[in-house]
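Commentary on secondary and tertiary structure
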Amino acid sequence: MICLAIESRSGMSAIEKQIFTDTRAGGKVKKKMNLGNQKEKSRQEKSLGKKKIPEEKEYNGAVNYNVYHMTKVEKCCYMVGAGVVLYLLGYIFYRSVAISLLFALLAVKYPAVRTRSIIRKRKKQLTMQFKDMLYSLSSAVGAGNSVERALEIVKDDMISQYGESNVFIVRELELMISRISLNQNIEDIFAEFAERSGVEDVKTFADIFEVSKRTGGNLVQIIRQTTDVIADKIEIETEIDTALSGKKMEQKVVTVMPVLLTWFMTVSTDGFMDPVFQTIGGRVVATVALAMILAGALWSASIANIEI
(Lines give C-alpha, C1' and ligand atoms only; values in the text may rest on other atoms or scores of the structure.)
Protein backbone atom coordinates (compact mmCIF):
# COMPACT_ATOMS: atom_id res chain seq x y z
CA MET A 1 0.00 0.00 0.00
CA ILE A 2 2.89 2.36 0.78
CA CYS A 3 4.46 1.64 -2.60
CA LEU A 4 1.14 2.28 -4.40
CA ALA A 5 0.75 5.58 -2.55
CA ILE A 6 4.25 6.61 -3.59
CA GLU A 7 3.49 5.74 -7.18
CA SER A 8 0.23 7.76 -7.25
CA ARG A 9 1.81 10.82 -5.60
CA SER A 10 4.93 10.90 -7.74
CA GLY A 11 3.05 10.62 -11.04
CA MET A 12 5.53 8.18 -12.53
CA SER A 13 5.34 7.28 -16.17
CA ALA A 14 4.56 3.78 -17.40
CA ILE A 15 8.25 3.03 -17.99
CA GLU A 16 9.24 4.29 -14.52
CA LYS A 17 6.46 2.22 -12.99
CA GLN A 18 7.72 -0.84 -14.81
CA ILE A 19 11.29 -0.23 -13.60
CA PHE A 20 10.03 0.28 -10.04
CA THR A 21 8.00 -2.92 -10.23
CA ASP A 22 10.94 -4.90 -11.62
CA THR A 23 13.21 -3.54 -8.87
CA ARG A 24 10.74 -4.60 -6.18
CA ALA A 25 10.39 -8.03 -7.76
CA GLY A 26 14.13 -8.37 -8.09
CA GLY A 27 14.58 -7.42 -4.43
CA LYS A 28 12.11 -10.09 -3.37
CA VAL A 29 13.84 -12.70 -5.53
CA LYS A 30 17.24 -11.70 -4.13
CA LYS A 31 15.89 -11.88 -0.59
CA LYS A 32 14.50 -15.35 -1.25
CA MET A 33 17.82 -16.43 -2.76
CA ASN A 34 19.71 -15.16 0.31
CA LEU A 35 17.34 -17.01 2.62
CA GLY A 36 17.79 -20.14 0.53
CA ASN A 37 21.57 -19.81 0.66
CA GLN A 38 21.47 -19.35 4.43
CA LYS A 39 19.28 -22.43 4.86
CA GLU A 40 21.56 -24.45 2.58
CA LYS A 41 24.60 -23.28 4.52
CA SER A 42 23.00 -24.23 7.83
CA ARG A 43 22.09 -27.66 6.43
CA GLN A 44 25.69 -28.18 5.30
CA GLU A 45 27.01 -27.18 8.73
CA LYS A 46 24.61 -29.59 10.43
CA SER A 47 25.61 -32.38 8.05
CA LEU A 48 29.26 -31.78 8.88
CA GLY A 49 28.42 -31.91 12.57
CA LYS A 50 30.25 -28.70 13.44
CA LYS A 51 32.05 -25.85 11.77
CA LYS A 52 35.81 -25.84 11.43
CA ILE A 53 37.20 -24.04 14.45
CA PRO A 54 39.60 -21.10 13.85
CA GLU A 55 42.42 -22.91 15.64
CA GLU A 56 42.57 -25.42 12.77
CA LYS A 57 43.59 -22.80 10.22
CA GLU A 58 46.82 -23.35 8.36
CA TYR A 59 49.45 -20.61 8.13
CA ASN A 60 51.68 -21.65 5.22
CA GLY A 61 53.89 -23.89 7.30
CA ALA A 62 54.15 -21.58 10.32
CA VAL A 63 53.60 -23.07 13.76
CA ASN A 64 50.03 -22.93 15.06
CA TYR A 65 50.33 -23.03 18.83
CA ASN A 66 46.60 -23.65 19.27
CA VAL A 67 46.86 -27.20 17.95
CA TYR A 68 49.26 -30.11 18.32
CA HIS A 69 49.21 -33.20 16.15
CA MET A 70 50.67 -36.28 17.78
CA THR A 71 52.53 -38.85 15.77
CA LYS A 72 51.32 -42.44 15.78
CA VAL A 73 54.25 -43.43 17.99
CA GLU A 74 53.36 -40.76 20.54
CA LYS A 75 49.70 -41.80 20.59
CA CYS A 76 50.62 -45.46 21.07
CA CYS A 77 53.07 -44.69 23.89
CA TYR A 78 50.60 -42.47 25.74
CA MET A 79 47.75 -44.95 25.30
CA VAL A 80 49.88 -47.87 26.52
CA GLY A 81 51.13 -45.92 29.53
CA ALA A 82 47.65 -44.70 30.46
CA GLY A 83 46.23 -48.19 29.90
CA VAL A 84 48.71 -49.74 32.33
CA VAL A 85 47.98 -47.11 35.00
CA LEU A 86 44.19 -47.46 34.60
CA TYR A 87 44.42 -51.26 34.68
CA LEU A 88 46.38 -51.16 37.93
CA LEU A 89 43.93 -48.63 39.38
CA GLY A 90 40.98 -50.83 38.54
CA TYR A 91 42.68 -53.92 39.90
CA ILE A 92 43.59 -52.22 43.17
CA PHE A 93 39.99 -51.16 43.84
CA TYR A 94 38.11 -54.16 42.39
CA ARG A 95 40.49 -57.12 42.14
CA SER A 96 38.76 -58.07 38.88
CA VAL A 97 40.51 -58.55 35.55
CA ALA A 98 37.34 -57.79 33.60
CA ILE A 99 36.69 -54.51 35.38
CA SER A 100 40.37 -53.59 35.13
CA LEU A 101 40.28 -54.15 31.37
CA LEU A 102 37.25 -51.87 31.13
CA PHE A 103 39.23 -49.22 32.99
CA ALA A 104 42.14 -49.73 30.59
CA LEU A 105 39.88 -49.04 27.60
CA LEU A 106 39.52 -45.46 28.82
CA ALA A 107 43.13 -44.93 27.78
CA VAL A 108 41.98 -44.17 24.23
CA LYS A 109 40.89 -40.74 25.54
CA TYR A 110 44.23 -39.92 27.12
CA PRO A 111 46.02 -38.67 23.95
CA ALA A 112 43.45 -35.86 23.67
CA VAL A 113 44.02 -34.92 27.33
CA ARG A 114 47.77 -35.02 26.85
CA THR A 115 47.49 -32.91 23.71
CA ARG A 116 45.76 -30.12 25.64
CA SER A 117 48.49 -30.30 28.26
CA ILE A 118 51.21 -30.02 25.59
CA ILE A 119 49.46 -27.03 24.03
CA ARG A 120 49.32 -25.25 27.39
CA LYS A 121 53.00 -26.01 28.02
CA ARG A 122 54.04 -24.69 24.60
CA LYS A 123 52.05 -21.48 25.11
CA LYS A 124 53.64 -20.99 28.52
CA GLN A 125 57.12 -21.38 27.05
CA LEU A 126 56.27 -18.98 24.24
CA THR A 127 54.95 -16.42 26.74
CA MET A 128 58.17 -16.44 28.74
CA GLN A 129 60.27 -16.15 25.59
CA PHE A 130 58.01 -13.36 24.30
CA LYS A 131 58.67 -11.36 27.48
CA ASP A 132 62.42 -11.55 26.86
CA MET A 133 61.84 -10.57 23.24
CA LEU A 134 59.89 -7.46 24.32
CA TYR A 135 62.73 -6.30 26.58
CA SER A 136 65.22 -6.67 23.76
CA LEU A 137 62.87 -5.03 21.22
CA SER A 138 62.28 -2.06 23.50
CA SER A 139 66.02 -1.53 23.93
CA ALA A 140 66.72 -1.88 20.21
CA VAL A 141 63.97 0.55 19.18
CA GLY A 142 64.98 2.97 21.96
CA ALA A 143 68.51 3.03 20.51
CA GLY A 144 67.13 4.54 17.30
CA ASN A 145 66.62 1.45 15.16
CA SER A 146 63.50 0.91 13.10
CA VAL A 147 61.25 -1.95 14.12
CA GLU A 148 62.32 -3.94 11.05
CA ARG A 149 66.01 -3.53 11.89
CA ALA A 150 65.34 -4.06 15.60
CA LEU A 151 63.89 -7.52 14.91
CA GLU A 152 67.22 -8.66 13.47
CA ILE A 153 69.01 -7.40 16.59
CA VAL A 154 66.45 -9.11 18.80
CA LYS A 155 66.93 -12.40 16.95
CA ASP A 156 70.68 -12.32 17.65
CA ASP A 157 69.98 -11.50 21.30
CA MET A 158 67.56 -14.41 21.65
CA ILE A 159 70.02 -16.84 20.06
CA SER A 160 72.78 -15.70 22.43
CA GLN A 161 70.41 -15.87 25.41
CA TYR A 162 68.91 -19.30 24.75
CA GLY A 163 72.02 -20.77 23.14
CA GLU A 164 70.13 -22.38 20.26
CA SER A 165 68.08 -21.41 17.24
CA ASN A 166 65.39 -24.05 17.67
CA VAL A 167 63.36 -22.29 20.39
CA PHE A 168 59.94 -20.92 19.53
CA ILE A 169 60.69 -17.21 19.66
CA VAL A 170 63.84 -17.50 17.51
CA ARG A 171 61.92 -19.37 14.80
CA GLU A 172 59.19 -16.73 14.95
CA LEU A 173 61.72 -13.91 14.60
CA GLU A 174 63.33 -15.64 11.64
CA LEU A 175 59.91 -15.98 10.03
CA MET A 176 59.14 -12.29 10.67
CA ILE A 177 62.44 -11.15 9.14
CA SER A 178 61.94 -13.32 6.06
CA ARG A 179 58.45 -11.93 5.53
CA ILE A 180 59.64 -8.37 5.99
CA SER A 181 62.21 -9.04 3.25
CA LEU A 182 59.25 -9.94 1.02
CA ASN A 183 57.76 -6.47 1.71
CA GLN A 184 54.94 -7.72 3.90
CA ASN A 185 53.33 -5.29 6.33
CA ILE A 186 54.86 -5.45 9.81
CA GLU A 187 51.44 -4.93 11.44
CA ASP A 188 50.01 -7.91 9.56
CA ILE A 189 53.02 -10.03 10.55
CA PHE A 190 52.50 -9.29 14.25
CA ALA A 191 48.74 -9.82 13.91
CA GLU A 192 49.22 -13.25 12.35
CA PHE A 193 51.74 -14.20 15.02
CA ALA A 194 49.25 -13.18 17.71
CA GLU A 195 46.51 -15.27 16.07
CA ARG A 196 48.75 -18.31 15.78
CA SER A 197 50.08 -18.01 19.31
CA GLY A 198 46.71 -17.88 21.06
CA VAL A 199 48.46 -15.96 23.88
CA GLU A 200 46.59 -12.96 25.26
CA ASP A 201 49.75 -10.91 25.88
CA VAL A 202 50.91 -11.33 22.28
CA LYS A 203 47.47 -10.28 21.03
CA THR A 204 47.55 -7.20 23.24
CA PHE A 205 50.95 -6.16 21.92
CA ALA A 206 49.91 -6.74 18.30
CA ASP A 207 46.75 -4.62 18.71
CA ILE A 208 48.60 -1.76 20.41
CA PHE A 209 51.39 -1.87 17.84
CA GLU A 210 48.93 -1.77 14.95
CA VAL A 211 47.06 1.22 16.37
CA SER A 212 50.23 3.17 17.20
CA LYS A 213 51.73 2.43 13.78
CA ARG A 214 48.68 3.66 11.91
CA THR A 215 47.99 6.71 14.07
CA GLY A 216 51.62 7.84 14.01
CA GLY A 217 52.16 7.92 17.79
CA ASN A 218 55.47 7.85 19.63
CA LEU A 219 56.31 4.26 18.74
CA VAL A 220 59.37 4.08 21.00
CA GLN A 221 57.46 5.24 24.08
CA ILE A 222 54.45 3.07 23.28
CA ILE A 223 56.59 -0.06 22.86
CA ARG A 224 58.45 0.69 26.10
CA GLN A 225 55.26 1.21 28.12
CA THR A 226 53.55 -1.81 26.58
CA THR A 227 56.62 -3.92 27.30
CA ASP A 228 56.64 -2.85 30.95
CA VAL A 229 52.94 -3.62 31.44
CA ILE A 230 53.03 -7.01 29.71
CA ALA A 231 56.31 -8.01 31.36
CA ASP A 232 54.95 -7.13 34.81
CA LYS A 233 51.86 -9.23 34.16
CA ILE A 234 53.95 -12.21 33.03
CA GLU A 235 56.23 -11.88 36.07
CA ILE A 236 53.22 -11.86 38.40
CA GLU A 237 51.95 -15.04 36.74
CA THR A 238 55.39 -16.60 37.17
CA GLU A 239 55.47 -15.69 40.85
CA ILE A 240 52.02 -17.20 41.35
CA ASP A 241 53.09 -20.42 39.61
CA THR A 242 56.20 -20.57 41.80
CA ALA A 243 54.17 -20.03 44.97
CA LEU A 244 51.67 -22.70 43.96
CA SER A 245 54.19 -25.27 42.77
CA GLY A 246 54.54 -26.72 46.26
CA LYS A 247 50.78 -26.86 46.75
CA LYS A 248 50.35 -28.58 43.39
CA MET A 249 52.85 -31.23 44.45
CA GLU A 250 50.95 -31.69 47.71
CA GLN A 251 47.73 -32.07 45.73
CA LYS A 252 49.26 -34.85 43.65
CA VAL A 253 50.52 -36.63 46.77
CA VAL A 254 47.12 -36.38 48.45
CA THR A 255 45.49 -37.82 45.32
CA VAL A 256 47.86 -40.80 45.13
CA MET A 257 47.94 -41.61 48.85
CA PRO A 258 44.44 -43.23 49.10
CA VAL A 259 45.28 -45.51 46.18
CA LEU A 260 48.60 -46.55 47.73
CA LEU A 261 46.93 -47.01 51.12
CA THR A 262 44.30 -49.30 49.59
CA TRP A 263 46.99 -51.37 47.87
CA PHE A 264 49.08 -51.55 51.08
CA MET A 265 46.11 -52.75 53.16
CA THR A 266 45.28 -55.36 50.53
CA VAL A 267 48.74 -56.92 50.37
CA SER A 268 49.65 -56.55 54.06
CA THR A 269 46.46 -57.90 55.67
CA ASP A 270 45.46 -61.47 54.96
CA GLY A 271 41.84 -61.36 53.73
CA PHE A 272 40.96 -58.11 55.53
CA MET A 273 39.87 -56.40 52.26
CA ASP A 274 38.07 -59.43 50.78
CA PRO A 275 34.57 -58.12 51.63
CA VAL A 276 35.32 -55.01 49.55
CA PHE A 277 36.26 -57.08 46.50
CA GLN A 278 33.78 -59.96 46.79
CA THR A 279 30.47 -58.37 47.83
CA ILE A 280 28.13 -56.00 46.04
CA GLY A 281 28.21 -53.58 48.98
CA GLY A 282 31.99 -53.61 48.90
CA ARG A 283 32.04 -52.87 45.17
CA VAL A 284 29.68 -49.94 45.75
CA VAL A 285 31.90 -48.57 48.50
CA ALA A 286 34.97 -48.95 46.28
CA THR A 287 33.20 -47.14 43.44
CA VAL A 288 32.14 -44.27 45.71
CA ALA A 289 35.65 -43.97 47.12
CA LEU A 290 37.18 -43.89 43.65
CA ALA A 291 34.68 -41.27 42.50
CA MET A 292 35.48 -39.11 45.54
CA ILE A 293 39.21 -39.36 44.85
CA LEU A 294 38.66 -38.32 41.22
CA ALA A 295 36.35 -35.44 42.20
CA GLY A 296 38.84 -34.21 44.79
CA ALA A 297 41.68 -34.33 42.27
CA LEU A 298 39.71 -32.33 39.69
CA TRP A 299 38.51 -29.82 42.27
CA SER A 300 41.97 -29.19 43.71
CA ALA A 301 43.43 -28.85 40.21
CA SER A 302 40.82 -26.22 39.29
CA ILE A 303 41.54 -24.29 42.51
CA ALA A 304 45.27 -24.24 41.77
CA ASN A 305 44.68 -23.03 38.21
CA ILE A 306 44.83 -19.25 38.72
CA GLU A 307 44.78 -16.95 35.70
CA ILE A 308 45.37 -13.21 35.57
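Note: the structure precedes this text.
Keep in mind the model is a prediction, meaning the values are calculated, not measured. (Residues numbered from 1 in each chain as written. Predicted model: local features only at pLDDT ≥ 70, side-chain atom pairs only at ≥ 80, totals over all residues. Heavy atoms only, no water.)

Topic: the side chain of Glu-172
By secondary structure assignment, the location of Glu-172 is in helix α7 (residues 168-181). If we skip the residues at most four places from it in the chain, Glu-172 touches Val-63, Tyr-65, Phe-193 and Arg-196. (Helix = DSSP H or I, 4+ residues; strand = E, 2+ residues; numbered from the N terminus. Contact = heavy atoms within 4.5 Å.)

Details of the packing of helix α10 (residues 219-268) against helix α12 (residues 280-304)
Interaxial distance between α10 and α12 falls to 10 Å at its minimum, and their mutual angle equals 175°. With respect to their mutual orientation, α10 and α12 come out roughly antiparallel. For the pair α10 and α12, contact is made by Leu-244, Lys-248, Gln-251, Thr-255 and Pro-258 and by Ile-293, Ala-297, Ser-300, Ala-301 and Ala-304, respectively. In the contact of α10 with α12, the residues fall into six nonpolar, three polar and one charged. (Axes fitted to C-alpha atoms, helices over the stretch in contact; angles between N-to-C directions. Parallel < 35°, antiparallel > 145°, perpendicular 65-115°, else oblique. Nonpolar A, V, L, I, M, F, W, Y, C, P; charged D, E, K, R; others polar.)

Some remarks on the environment of Phe-190
Along the chain, Phe-190 turns up in helix α8 (residues 186-197). According to the relative accessible area criterion, Phe-190 is buried, its value standing at 2%. In the structure, Phe-190 is positioned 14 residues away from Met-176 in sequence and 8.1 Å away in space, judged by C-alpha atoms. Discounting chain neighbours no more than four positions away, the residues touching Phe-190 are Val-147, Leu-151, Met-176, Phe-205, Ala-206 and Phe-209. (Buried < 20%, exposed > 50% of the residue type's maximum accessible area, 1.4 Å probe, protein only.)

Examining the nonpolar core
Among the nonpolar cores identified, the biggest contains 35 residues, and Met-133, Leu-151, Ile-169 and Phe-190 are the most heavily contacted of them. If near-sequence neighbours (up to four positions away) are discounted, Met-133 is found in contact with Val-154, Met-158, Ile-169 and Leu-173. In this structure, Ile-92, Phe-93, Tyr-94 and Val-259 belong to the second largest nonpolar core, which totals eight residues. (Core = buried A, V, L, I, M, F, W, Y, C linked by side-chain atoms within 4.5 Å.)

Quick notes on the packing of helix α5 (residues 110-142) against helix α6 (residues 147-162)
Between two packed helices, the angle of one axis relative to the other and the distance separating the axes together describe the packing. One can describe the packing of α5 onto α6 by two numbers: an axis separation of 9 Å at closest approach and a directional angle of 130°. With respect to their mutual orientation, α5 and α6 come out oblique. Read as a crossing pair, α5 and α6 show a hand that is right-handed. Within the contact between the two elements, α5 uses Met-128, Gln-129, Asp-132, Met-133, Ser-136, Leu-137, Ala-140 and Val-141 and α6 uses Val-147, Ala-150, Leu-151, Ile-153, Val-154, Asp-157, Met-158, Gln-161 and Tyr-162. Of the residues contributing to the contact of α5 with α6, the split by class is twelve nonpolar, three polar and two charged. (Left-handed = near helix turned anticlockwise from the far one by under 90°.)

Examining the packing of aromatic side chains
Considering all chains together, one arrives at nine aromatic pairs under this definition. Note on Phe-130 and Phe-193: the rings are 6.3 Å apart at their centroids and 55° apart in plane angle, and the pair reads as tilted. Here the residue Phe-130 occupies a position in helix α5, and Phe-193 occupies one in helix α8, the gap between them amounting to 63 residues. Judged by its relative accessible area of 1%, Phe-130 is buried. (Phe/Tyr/Trp six-rings, centres within 6.5 Å; stacked < 30°, edge-to-face > 60°.)

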